[in-house]
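# Report on the structure
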Amino acid sequence: MKVIPVDEVPEQLRIHQHRKGTFRYRKLAQGQPGTPGNYLLEMVETTDDFFSPRHRHNFDQFRFQLDGTMNFDRNGKMGPGTFGYFPEGAAYGPQTSEGRSATAVLQFGGASGGGYLSRQEVEAGREELTKFGSFDGGVFRRRDDSEGRRSTDAYQAIWEYVHGRRMDYPKPRYRDPIMVDPANYEWLAVAGSPGVRQKPLGTFTERQCAAVLLKLSRGATYRAGARSVYLFLSGTGIAHDAEFRRWTALHLDAEETADIVARDEAEILRLVLPDLTGLEAQVSASTQAAAAE
């Protein structure tokens, strides 16, 4: 169990090397690198110099727009308060920021077992690849005197370098990102939790990742569930034995629970990580089989 207040996390500035543009971010929670279920929750601020070409991933992504507008071209725009699920294997973008944009982004290993690279792995891989080519506008371009594909999506090139094998994109379970406007949902009572209401925004894939908005009345208690990352959007109170306030993050591993008590009305975003039970063994067997071919 981890409780992380955002104002205790230093803001960092990154000039994006494998996409384009400058952004500020705070790393709120992260999983275990090298595992299929690794994840990263960040609060990210971009400006109008940010650009990412149309691309896809071999991991899943949840986005909740906090401020400003993020433009995904043919896939639509996300304004404040909107939620998006960007499934592995599905292409999206190109992506730009219309002025200043602030987004909570959770990236995590999905049902395919492709996992999610840690920031350290990405940066180390990018640094090594600059010996063989350059990154430009979200694409890695290999020099003529270097063996390999001439141009590759930047993240894909890094993933392949880190893993030492070709990335096979999973067949998308959903053809496109799913963008949700929670303002059009009704609040529903949560059984057994007086003063607690919810808006279930969606449950995805056979591995059951999900998103739910919660609202706690003053003095209400909510039992937070396992395998979830919570982001407190407003209000104050106690999460387990720690204070929470706006932008605090709470992570609960499998089989962990915690009581959240609202000191005043609170709104909370719950992001449920996928149940990857048994997947690690499957991924290991698949990797060994591929190596033997």
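Above this text is the structure in question.
Bear in mind that the values here come from a model prediction, so they are computed numbers and not experimental data. (Residues numbered from 1 in each chain as written. Predicted model: local features only at pLDDT ≥ 70, side-chain atom pairs only at ≥ 80, totals over all residues. Heavy atoms only, no water.)

### Some points on the overall build of the chain
For clarity, the cut-off: Going along the chain from the N terminus, every DSSP run of H or I of four or more residues is numbered as a helix, and every run of E of two or more is numbered as a strand. Here the radius of gyration uses the C-alpha set of atoms, whereas the globule reference equals 2.2 Å times the residue count to the power 0.38. Relative accessible area decides the class of each residue, using a 1.4 Å probe on protein chains only: under 20% of the type maximum gives buried, over 50% gives exposed, and in between gives partly exposed. Here the Shrake-Rupley method, with its probe set to 1.4 Å, supplies the accessible areas, and only the displayed protein chains count as covering residues. When charges are tallied, Lys and Arg are placed among the positive residues and Asp and Glu among the negative ones, while His and the ends of the chain are skipped. Where a charge lies is defined by one atom per residue type: Lys uses NZ, Arg uses CZ, Asp uses CG and Glu uses CD.
What the chain contains, in helices and strands, is 3 helices and 23 strands. Over its C-alpha atoms the chain spans a radius of gyration of 20 Å, differing by no more than 12% from the 19 Å that the globule rule assigns to 293 residues. Its C-alpha atoms put the chain at 65 × 45 × 35 Å along the principal axes. Within the chain, the fraction of its 293 residues that count as buried is 50%. Carbon and sulfur atoms form 47% of the exposed surface of the chain, whose accessible area is close to 13700 Å². Counting 37 positive and 39 negative side-chain charges, the chain places the centres of these two groups 3 Å from one another.

### What to know about helix H1 (residues 119-129)
Residues spaced three or four apart along an α-helix face the same direction, because each turn holds 3.6 residues. To keep it simple, the criterion reads: The directions from the helix axis to the C-beta atoms are what the arc is built from.
Those residues of H1 not exposed but buried are Arg119, Val122, Gly125, Arg126 and Leu129. Projected down its long axis, H1 shows its buried positions confined to an angular sector of 135 degrees, all on one face.

### Brief notes about the sheet that holds strand S12 (residues 151-153)
Through backbone hydrogen bonds, the strands of a sheet pair up, either in parallel or in antiparallel fashion. Keep this limit in mind: We treat two strands as partners when DSSP finds at least two bridges between them. Lines fitted to C-alpha atoms define the axes here, with helix axes fitted over just the stretch in contact, and angles between the N-to-C directions of these axes take values from 0 to 180 degrees. Note on definitions: a residue-residue contact is assigned when non-hydrogen atoms from the two residues lie within 4.5 Å.
Strands sit in the order S10-S11-S12 across an open sheet of 3 strands; the sheet is antiparallel. A single partner strand is all that each edge strand has here, and the edge strands are strand S10 (133-136) and S12. Neighbour-to-neighbour, the strand axes of this sheet turn through a mean angle of 25 degrees, independent of strand direction. Of the strand pairs in this sheet, strand S11 (residues 139-142) and S12 are connected by 3 bridges, and their pairing is antiparallel. Note on S12: the bridge partner recorded for Arg141 is Ser151. On top of the sheet, helix H2 (residues 154-163) reaches S10, S11 and S12; it is set at about 95 degrees to S12, its chief contact.

### Thoughts on the pattern of salt bridges
Going by this rule: In the sections that follow, a salt bridge refers to a side-chain nitrogen of Lys or Arg positioned within 4 Å of a carboxyl oxygen of Asp or Glu.
Tallied over the full model, the rule gives 18 salt bridges. Between Arg245 and Asp7 there is a salt bridge; the shortest N-O distance is 2.9 Å. Note that Arg245 is positioned in the loop between strand S20 (242-244) and strand S21 (249-252) and Asp7 in the loop between strand S1 (2-4) and strand S2 (12-15), a separation of 238 residues in sequence. Judged by relative accessible area, which is 29%, Arg245 ranks as partly exposed. When the shortest N-O distance is used, the salt bridge between Arg263 and Glu243 registers 3.2 Å. Of the two residues, Arg263 sits in the loop between strand S22 (258-262) and strand S23 (266-272) while Glu243 sits in strand S20, which places them 20 residues apart along the sequence. Given the relative accessible area of 41%, Arg263 is considered partly exposed.

### Re the environment of Phe244
Tracing the chain through its elements places Phe244 in strand S20. Judged by its relative accessible area of 1%, Phe244 falls in the buried class. Along the sequence, Phe244 and Phe232 sit 12 residues apart, while their C-alpha atoms lie 7.5 Å from each other. If sequence neighbours within four positions are ignored, Phe244 has contacts with Phe232, Gly235, Thr236, Gly237, Ile238, Ala239, Ile260, Val261, Ala262 and Ala266.

### Comments concerning H2
Test applied: Polar contacts here mean pairs of N or O atoms no more than 3.5 Å apart (in protein, one a potential hydrogen donor and the other a potential acceptor; neighbouring residues in sequence count only if both atoms are side-chain atoms).
With 7 of its 10 residues buried, H2 lies for the most part within the structure. Residues of H2 that are buried: Ala154, Tyr155, Gln156, Ala157, Ile158, Trp159 and Glu160. By the N-cap criterion, in which a side-chain oxygen at the helix start approaches the backbone nitrogen of a residue two or three places on, H2 is capped by Asp153, the distance to Tyr155 being 3.2 Å. Two residues or fewer after H2 comes Gly164, characterised by a positive phi angle close to 70 degrees.

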